[in-house]
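# Summary of the model geometry
So the chains spell out like this:
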Amino acid sequence: AQSVTQPDIHITVSEGASLELRCNYSYGATPYLFWYVQSPGQGLQLLLKYFSGDTLVQGIKGFEAEFKRSQSSFNLRKPSVHWSDAAEYFCAVGVISFQKLVFGTGTRLLVSP
Amino acid sequence: DTAVSQTPKYLVTQMGNDKSIKCEQNLGHDTMYWYKQDSKKFLKIMFSYNNKELIINETVPNRFSPKSPDKAHLNLHINSLELGDSAVYFCASSQGTSGSQETQYFGPGTRLLVL
């Protein structure tokens with residue numbers, strides 16, 4: 001069955017430091033992969049997505065993610081974190097046969113001064 | 001101008017009551033969704049509609065009934081509310097029919113608390 005694993009429930013990063021959030025997926029075909037961010041009390045907003053082509057994708061707010069087929073991973077990165085990046089981050093895989101997204105359990109990012 | 005809006009934002013009610021949550025999108029999208037986010041932040045799809053037609057109906061109790069009067073609206077009616085229904089419910093929309101490939105735009109959520 002299709003699934004997404006985000007092994008880190010929460011991560012604390014100092015402001016200005018780099019960030020990497022991990023995402024592993026299980027899917028039998030070429031995956032469609034997404035990263036969404038949920039700020040406190042808000043809905044989800046798309047950061048970036050991968051369908052095909054270049055395995056390094058750029059998103060909004062200075063985020064990028066790299067698709068690694070051999071590792072079934074789609075990790076999210078940012079070179080320098082800002083306090084406003086504190087939020088919940090969700091990785092998702094698109095399940096074509098069912099026309100739906102399957103989400104991971106999320107990683108909560110805390111940013112320390 | 002809000003793209004996907006939901007009302008109400010907060011809903012506190014007693015067990016056994018019936019309640020509705022409304023969702024409207026002004027993006028001109030063809031597909032709309034309802035998601036449930038539980039207390040552990042796990043987000044799971046419940047339903048999707050494309051041009052008023054039901055596409056996805058996950059394993060959801062039949063106390064939950066979506067209704068789409070037109071493609072800009074997807075309401076969620078819940079009968080005989082139970083404690084376990086307490087959650088945040090998100091509405092979302094996407095332009096075409098491919099919910100697995102397209103960007104989904106989410107509303108701000110409705111926080112439902114059943115006492």
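Bear in mind that the values here come from a model prediction, so they are computed numbers and not experimental data.

All names here are of chain A. For the coordinates displayed, the defined rule picks out two disulfides over all chains. Covalent S-S linkage joins cysteine 23 and cysteine 91, the inter-sulfur distance amounting to 1.9 Å. Around the S-S axis, the bridge from cysteine 23 to cysteine 91 shows a dihedral of about -65° and counts as left-handed. Taken together, the residues span a long stretch of sequence, with cysteine 23 in the loop between β3 (19–21) and β4 (24–26) and cysteine 91 in strand β10 (residues 87–95) at a distance of 68 residues. Of the two residues, cysteine 23 and cysteine 91, neither departs from the other in class, the shared state being buried.

Next up on the list: the interface of chain B and chain A. Counting from both sides, the interface comprises 22 residues of chain B and, opposite them, 23 residues of chain A. When the two sides are added together, the surface that chain B and chain A hide from each other amounts to roughly 1800 Å², 53% of it contributed by carbon and sulfur. Counting the contacts that link chain B with chain A gives one salt bridge. Lys100(A) serves as the salt-bridge partner of Glu58(B), at 3.1 Å between the closest nitrogen and oxygen. The tally of links from chain B across to chain A stands at five residue pairs in polar contact (both at pLDDT 80 or more). For the side of chain B that touches chain A, the secondary structure elements donating two or more residues are β4 (31–37) and β5 (43–50) of chain B.

What follows deals with the pairing of β5(B). Residues and elements named next belong to chain B. With seven of its eight residues buried, β5 lies for the most part within the structure. Bridge count between β4 and β5: seven bridges; the pairing is antiparallel. Residue tyrosine 33 lies in a different strand from β5, and its bridge partner there is serine 48. Relative to strand β6 (residues 53–57), β5 runs antiparallel, the two being bridged by four bridges. Counted as the bridge partner of serine 48 is isoleucine 56 from β6. Counting the residues in the hairpin turn of β5 and β6 gives two residues, including asparagine 51, whose phi is positive at 50°.

Criteria and thresholds
- Residues numbered from 1 in each chain as written.
- Chains lettered and ligands numbered in written order.
- Predicted model: local features only at pLDDT ≥ 70, side-chain atom pairs only at ≥ 80, totals over all residues.
- Heavy atoms only, no water.
- Disulfide = S-S within 2.5 Å.
- Helix = DSSP H or I, 4+ residues; strand = E, 2+ residues; numbered from the N terminus.
- Buried < 20%, exposed > 50% of the residue type's maximum accessible area, 1.4 Å probe, protein only.
- Contact = heavy atoms within 4.5 Å.
- Buried area = accessible area lost by both parts, 1.4 Å probe.
- Salt bridge = Lys/Arg side-chain N within 4 Å of Asp/Glu carboxyl O.
- Polar contact = N/O pair within 3.5 Å; in protein donor to acceptor, adjacent residues only side chain to side chain.
- Pairing = 2+ DSSP bridges.

In short, the description is geometric, and any link to function would need to be established separately.
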